[in-house]
Amino acid sequence: RLASRLKLPLLDAVGNVAAKIKSTDPASENFEPALVKQDYMVKTAKNILLLTVDTVAKKLLETIQDQQEVIALLADMIIEIFVMESGLIRAKKFMEKKGEEKARLYTAAASLYIADTMPKIVVWAKQVFAFAEKGDEFAAHIEDIDRITRYEPDNTINLKRVIADSVVRTKRYPY
């Protein structure tokens, strides 16, 4: 209600997210060019956040002042999604300027961070849903999240090796 009084565009975004999630299928995505999968993952994380915010607005808004754990989970999600997207944008810009091979370190770092953070986003959203919803609504949200995050995981061991090799080779932290 506060968002509608302040005329925040959040409500418009939240209203569209459920339909967007229902129509999302990672199996139909082509993740071949560099960072396309990571872009998908960041967009998916944002959609999960919006779906979670929608649930909080519908189920918990009247008592939100008493829901500090929920607010903390939402804040953690927002912070991590911001960091994921910032790293992705930085890697994309570097890749556009220098080419894919020279941007390998940046793309590895962004990919690693996103791969390591995405499961946290999913768990935090599920924790909010478990608190706020019951029965069919809860099951439907969990099923939707599981479906849109069903993609082949990145090889994080190789990503870590790319970063470690750079540190060893240059004898300094690369960022």
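Residues numbered from 1 in each chain as written. Predicted model: local features only at pLDDT ≥ 70, side-chain atom pairs only at ≥ 80, totals over all residues. Heavy atoms only, no water.

Peer 1: Give a description of the overall build of the chain that names residues and reports values.
Peer 2: Counting its secondary structure elements, the chain contains seven helices and zero strands. Shown N-terminal to C-terminal, the secondary structure of the chain runs as helices and strands in the order α-α-α-α-α-α-α. Residue burial in the chain is summarised as follows: out of 175 residues, 39% are buried. Relative to all contacts within the chain whose residues are 6 or more apart in sequence, the contacts with residues 24 or more apart total 76%. When the accessible surface of the chain is summed, it comes to about 10,700 Å², and 56% of that surface belongs to carbon and sulfur atoms. (Helix = DSSP H or I, 4+ residues; strand = E, 2+ residues; numbered from the N terminus. Buried < 20%, exposed > 50% of the residue type's maximum accessible area, 1.4 Å probe, protein only. Contact = heavy atoms within 4.5 Å. Areas by Shrake-Rupley, 256 points an atom, 1.4 Å probe, with all protein chains shown as cover.)

Peer 1: Describe the nonpolar core, with residues and values.
Peer 2: Judged by nonpolar contacts, the single largest core of 39 residues is most densely connected at Ile48, Leu74, Met77, Met84, Met118 and Ile121. Where this core is concerned, the elements lending two or more residues are helix H2 (10–22), helix H3 (36–59), helix H4 (68–98), helix H5 (104–132) and helix H6 (135–148). Take this core: its biggest share by element is eleven residues, from H5. What methionine 77 contacts, discounting residues up to four positions off in sequence, is Ile48, Leu49, Thr52, Ile121, Trp124 and Ala125. (Core = buried A, V, L, I, M, F, W, Y, C linked by side-chain atoms within 4.5 Å.)

Peer 1: Explain a nonpolar patch on the surface to me, and be specific about the residues and the numbers.
Peer 2: A contiguous nonpolar surface patch, about 380 Å² in accessible area, is contributed by Ile79, Phe82, Val83 and Tyr113. By residue number, the principal contributor to the nonpolar patch is H4, which donates three residues. The topology assignment puts tyrosine 113 in helix H5. (Patch = residues over 30% accessible without salt bridge, like charges linked within 9 Å, V, L, I, M, F, W, Y side chains within 5 Å. Salt bridge = Lys/Arg side-chain N within 4 Å of Asp/Glu carboxyl O.)

Peer 1: Give a description of a positive patch on the surface that names residues and reports values.
Peer 2: A surface patch of like charges, here positive, comprises Lys93, Lys97, Lys98 and Lys102. As for its placement among the helices and strands, lysine 98 is situated in helix H4. (Lys, Arg positive; Asp, Glu negative; His and termini not counted. Charge placed at Lys NZ, Arg CZ, Asp CG, Glu CD.)

Peer 1: Hey, could you go over the side chain of threonine 55 for me, with residue numbers and the actual values?
Peer 2: Within the secondary structure, threonine 55 sits in helix H3. Those residues within four positions of threonine 55 in sequence are excluded, and the remaining contacts are Leu60, Phe129, Ala132, Glu133 and His141.

Peer 1: Outline the packing of H4 against H5, listing residues and values.
Peer 2: Contact geometry of H4 with H5 gives a least axis separation of 9 Å together with a crossing angle of 160 degrees. Comparing the axis directions of H4 and H5 gives the class roughly antiparallel. Every pair of crossing elements has a handedness; the one defined by H4 and H5 is left-handed. Each residue belonging to the contact of H4 with H5 can be placed in one class, and the counts come to 20 nonpolar, four polar and three charged. (Axes fitted to C-alpha atoms, helices over the stretch in contact; angles between N-to-C directions. Parallel < 35°, antiparallel > 145°, perpendicular 65-115°, else oblique. Left-handed = near helix turned anticlockwise from the far one by under 90°. Nonpolar A, V, L, I, M, F, W, Y, C, P; charged D, E, K, R; others polar.)

Peer 1: Quick one: what's the story with the pattern of salt bridges, residue by residue and with numbers?
Peer 2: A complete count under the given rule lists eight salt bridges for this structure. Residues aspartate 39 and lysine 92 are paired through a salt bridge, measuring 3.2 Å at the closest nitrogen-oxygen approach. With aspartate 39 in helix H3 and lysine 92 in helix H4, the pair connects residues that are 53 residues apart, well separated along the chain. Using a relative accessible area of 28% as the deciding quantity, one classes lysine 92 as partly exposed. The residue lysine 59 makes a salt bridge to glutamate 137 at a minimum N-O spacing of 2.6 Å. One end of the pair, lysine 59, is in helix H3; the other, glutamate 137, is in helix H6, with 78 residues separating them in the sequence. Judged by its relative accessible area of 37%, lysine 59 is partly exposed. For glutamate 137, a relative accessible area of 40% puts it in the partly exposed group. Each of the salt bridges in this network shares a partner with another, and the network as a whole consists of Asp39, Lys43 and Lys92.

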